[in-house]
Structures are given as structure tokens and as C-alpha cells.
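Analysis of the macromolecular model
If you want the building blocks of each chain, they are given just below.
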Amino acid sequence: QLSPITARVIEGFYGGHGKKEELLGLLESSLANNQLLLLDDSVLMRELLSFGKKEDRTGKVTFEGLGERDDTVMALSLAVFASSEKTGIASVTII
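We now turn to the structure provided with this report.

Definitions and limits used
Residues numbered from 1 in each chain as written. Predicted model: local features only at pLDDT ≥ 70, side-chain atom pairs only at ≥ 80, totals over all residues. Heavy atoms only, no water. Helix = DSSP H or I, 4+ residues; strand = E, 2+ residues; numbered from the N terminus. Contact = heavy atoms within 4.5 Å. Areas by Shrake-Rupley, 256 points an atom, 1.4 Å probe, with all protein chains shown as cover. Pairing = 2+ DSSP bridges. Core = buried A, V, L, I, M, F, W, Y, C linked by side-chain atoms within 4.5 Å. Buried < 20%, exposed > 50% of the residue type's maximum accessible area, 1.4 Å probe, protein only. Salt bridge = Lys/Arg side-chain N within 4 Å of Asp/Glu carboxyl O. Expected span 1.5 Å × (residues − 1). Arc of directions from axis to C-beta.

**Here's the deal with the overall build of the protein chain**
Secondary structure summary: the protein chain contains three helices and four strands in total. Considering only residue pairs separated by 6 or more positions, the protein chain has 53% of its internal contacts joining residues 24 or more positions apart. Total accessible area computed for the protein chain in this model is approximately 7000 Å², and 53% of it derives from carbon and sulfur atoms.

Listed below in C-alpha cells is the structure:
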């Protein structure tokens, strides 16, 4: 049986320059420090495993799904951000 989820609204989220890198850095840190319990979901796992850094001929670096979409990775990064926004602690359980 699933437990109820408490939702929190993060007001004033701005997805401008550098925000994607900030979100992904927080996600990477949370994963590296075992602060996330993830659902065994094939789409999420496939996207996480194919996510990476891409550099174009001019040296511009982007972070994206390499050969896959990255929707669930970005959704997860937003959830981690939202959980840490007020508390300073990134700890998310996804059921």
C-alpha cells in the first residue's frame, strides 16, 4: 500500500542560465551520497544510464540524454531540488 504524498509548491522557480547544471549537480550529489531511493522503473533507469555531457565543435557543453530522452531525469532533478529548497537536504523517496 502506498503512503500519501505531501506536496510542496516551490514558488518563483526560474529555469534560466545555469539552472539545469545546478539541478543536475544536486541530483548527481544526491545519487552519489545514497540520498535517493528510486523506483525500479525501466524508463528512469535507461534515461539515467544514457544521460551525459555533450560538447559541440565550439566547446559549448550541454547535458542531455545521449540516444535517449531525458524527461524523467529532469523531473527527478526538479523533485530533488524541491525537496531541498526549504530544508537544505536533498532526500526524496519515490514509490
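Moving on, there is more to tell.
**With respect to the pairing of strand β2 (residues 51-55)**
Relative to strand β3 (residues 61-65), β2 runs antiparallel, the two being bridged by five bridges. Its bridge partner lying in β3, K54 is registered against T62. Counted along the chain from β2 to the antiparallel partner β3, the turn is five residues long, and its residue G59 has a positive phi close to 95°.

**Remarks on the nonpolar core**
Of all hydrophobic cores here, the largest spans 11 residues; its members are L23, L24, L27, L36, L44, F51, V73, M74, L76, V80 and F81. Listing elements by their share of this core, those giving two or more residues are α1 (19-32) and α3 (71-85). Considering each element in turn, this core owes the most residues, five residues, to α3. If sequence neighbours within four positions are ignored, V73 has contacts with L24, L27, L44, E47, L48 and F51.

**Remarks on the pattern of salt bridges**
In total, this model carries five salt bridges according to the counting rule given. A salt bridge links D70 to K20, with the nearest nitrogen and oxygen atoms 3.9 Å apart. Taken as a pair, D70 in the loop between β3 and α3 and K20 in helix α1 lie far apart in primary sequence, 50 residues in all. The shortest N-O distance in the salt bridge between K54 and E64 comes to 3.7 Å.

**Details of α1**
With 14 residues, α1 ought to run about 20 Å at 1.5 Å a step, and its terminal C-alpha atoms sit 20 Å apart, in line with that. Listed as buried for α1 are K19, L23, L24, L27 and S30. Taken around the axis of α1, the buried residues stretch over an arc of 130°, which confines them to a single face. Opposite its buried face, α1 presents the exposed residues E28 and A32, each directed more than 90 degrees away. Of the residues trailing α1, N34 is marked for its positive phi of about 55°.

Function cannot be read off these values alone, since they describe shape.
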